[in-house]
Amino acid sequence: MPCTYKARVGDILLLGDYKYELVSGPGRNDWKATAIDKTKTSYEPFIDNIVGSGVTSLAQTFEGCTNLVVAPEIPETVRIMYCTFYNCTSLTTVHRIPSSVNSMTRTFENCSSITGTIYVDTNQITGTGNSTSSPGCSYCCMYKIGGPVTLVGNGENYESLVNIAAYSGGKVTIIKSQ
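Residues numbered from 1 in each chain as written. Predicted model: local features only at pLDDT ≥ 70, side-chain atom pairs only at ≥ 80, totals over all residues. Heavy atoms only, no water.

1. Examining the packing of aromatic side chains
Each pair of aromatic rings is reported with the distance of its centres and the angle of its planes. Going through the model one piece at a time under the given rule, you end up with 8 aromatic pairs. An angle of 75 degrees between the planes, with centres 6.1 Å apart, marks the rings of Tyr 18 and Phe 62 as edge-to-face. Here Tyr 18, found in strand 2 (residues 18–25), pairs with Phe 62, found in the loop between strand 3 (28–35) and strand 4 (96–97); they are 44 residues apart in sequence, far enough to count as distant. Overall, Phe 62 belongs to the buried group, its relative accessible area being 1%. Ring geometry for Tyr 43 against Phe 62: centres 5.1 Å apart, planes inclined by 55 degrees, an arrangement best described as tilted. (Phe/Tyr/Trp six-rings, centres within 6.5 Å; stacked < 30°, edge-to-face > 60°. Helix = DSSP H or I, 4+ residues; strand = E, 2+ residues; numbered from the N terminus. Buried < 20%, exposed > 50% of the residue type's maximum accessible area, 1.4 Å probe, protein only.)

2. Section: the pairing of strand 6 (residues 149–154)
For strand 6, the tally of buried residues reaches 5 of 6 residues, placing the bulk of the element in the interior. Pairing analysis gives 4 bridges linking strand 5 (residues 116–120) to strand 6, with the strands arranged parallel. For Tyr 119, the partnering residue across the bridge sits in strand 6 and is Val 152. Strand direction decides the pairing type here: strand 6 and strand 7 (residues 172–177), joined by 6 bridges, are parallel. Paired with Thr 150 across the strands is Thr 173, a residue of strand 7. (Pairing = 2+ DSSP bridges.)

The following block contains the structure:
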């Protein structure tokens, strides 16, 4: 028999490393994931499906996880990455930002150990405005990073890469792949 449960805003699911909560988002509801134990060096993958939907918000998920070294894979369903890795001072590696992401305000701010290459598939970062979840914002996304960091994207998302790299103090190089 299929599950007929209808999720409601405020519902919480504790599973593995994360607390998943259905929160009211702009124009729709979002499943938000938050790390339960902020002292770990690594975290398990996010679950793919929560009552018929994927995780759409990683707002403040790992904020202050000062021992986190390698970021877990970011699901294709994620749209919001507001302060996702804010103050993760040991974070060195992030592999990929999926095309679904449209908000990256302060995502890597104060990640003083981050280096290497990040593959960026999104072309939805259209400005550097300061907003917590408004589409297109990337204010201070890479402010006070360790660097050097290379952002690799395709020719279609060059503007997004430039906006993500703003405020990095010249520690970010942009490469357009073919």
